[in-house]
Amino acid sequence: MYQIKNLTENDDIQVIAELGPFTVIEYLRDLSVNPGNAAAAYFSYQMNVRRRQVICDLKKANITLQAGAMQWTVGDVNATTGIKGVGDLFGKALRGKATGESAIKPEYTGNGTLVLEPTYKYILLEDLANWNGTMVLEDGLFLACDSALQQKAIMRSNLSSAVAGGEGLFNLGISGQGVVCLESPCPREELVEIQLQDDILKVDGSYAIAWSGSLSFTVERSGKSLIGSAASGEGLVNVFRGTGRVLLAPVLD
């Protein structure tokens, strides 16, 4: 049996989100400062530049993490590789190579508490039930998820244009029933949500951070011809077709 004190009940810490096994806390003030960086810490607070941290309750679900994300655990907590055989290892290695994510993501089981490394990025908790059970992520956003969720590499529809546009050929897709925890460059309040119903969204740049797995994702010329693309001042754009949701960041990190 264990007790955790001076964490969520600390008056300099507030709980900003809870969903499934995840609780997100935010440090209102950074008290571990010296006179040399006190001014920077003060203005960081005013501009919402604050440390955030994720607490995972393993009694609610097993958790899969991005490699290196764990800070500490307490109670009955076991860490495994999550690999179920040679074929699974080979598949995860290929997926990691394709998506740029860590090939092996540790899985934590038990009935204790798992606390992740603090980050200055913004934490998004997304229930895949609100994404019709599947979503695709831009590189580097994945932080943690319910281990019951499946991960796979999603290939873009047209490889040649993706190469020409300097985009990767694969993205990390997550499917199933559960909650995924993401590190976003922007707070949830600033993200623009586009809901498509048999329609098309074109984005100049990697502003889309997550989208429904039901959407077709390609990289295409902004115009119907090379002359049209030159006239518009744009070159290649990311194109989403079909029915589903897209989350857009207003600025690139």
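Residues numbered from 1 in each chain as written. Predicted model: local features only at pLDDT ≥ 70, side-chain atom pairs only at ≥ 80, totals over all residues. Heavy atoms only, no water.

Observations regarding the sheet that holds strand 2 (residues 22-27)
Phase 1 of the analysis: Taken together, five strands build an open sheet; the order of strands is 1-2-3-8-5 and the sheet is antiparallel. Where the open sheet ends on each side, the last strands, each with one partner, are strand 1 (13-19) and strand 5 (70-74). If you compare each strand with its neighbour and ignore which way they point, the axes differ by 20 degrees on average.
Phase 2 of the analysis: In this sheet, strand 8 (residues 113-116) lies alongside strand 5 in antiparallel orientation, the contact comprising four bridges. Paired with Thr 73 across the two strands is Leu 114, which belongs to strand 8. (Pairing = 2+ DSSP bridges. Helix = DSSP H or I, 4+ residues; strand = E, 2+ residues; numbered from the N terminus. Axes fitted to C-alpha atoms, helices over the stretch in contact; angles between N-to-C directions.)

Looking at the confidence of the model for the chain
Phase 1 of the analysis: Scored by pLDDT, the chain comes out at a mean of 84, with 81% of its residues at no less than 70.
Phase 2 of the analysis: For the stretch residues 85-99, pLDDT sits under 50, and the model shows 24 contacts to residues farther than four places along the chain or on other chains.
Phase 3 of the analysis: In the predicted structure, residues 226-233 sits below a pLDDT of 50 and forms eight contacts with residues beyond four places in sequence or in another chain. (pLDDT = per-residue confidence, 0-100. Contact = heavy atoms within 4.5 Å.)

Section: the side chain of Thr 119
Phase 1 of the analysis: Topologically, Thr 119 is positioned in the loop between strand 8 and strand 9 (122-127).
Phase 2 of the analysis: Polar side-chain contacts of Thr 119 include one of 3.0 Å to the backbone nitrogen of Lys 121. (Polar contact = N/O pair within 3.5 Å; in protein donor to acceptor, adjacent residues only side chain to side chain.)

Details of the pairing of strand 13 (residues 170-175)
Phase 1 of the analysis: With respect to burial, strand 13 is a largely interior element, five of its six residues being buried.
Phase 2 of the analysis: Sheet analysis places strand 10 (residues 134-137) next to strand 13, joined by four bridges and oriented antiparallel. Across the sheet, residue Leu 137 finds its bridge partner in strand 13, namely Leu 172. (Buried < 20%, exposed > 50% of the residue type's maximum accessible area, 1.4 Å probe, protein only.)

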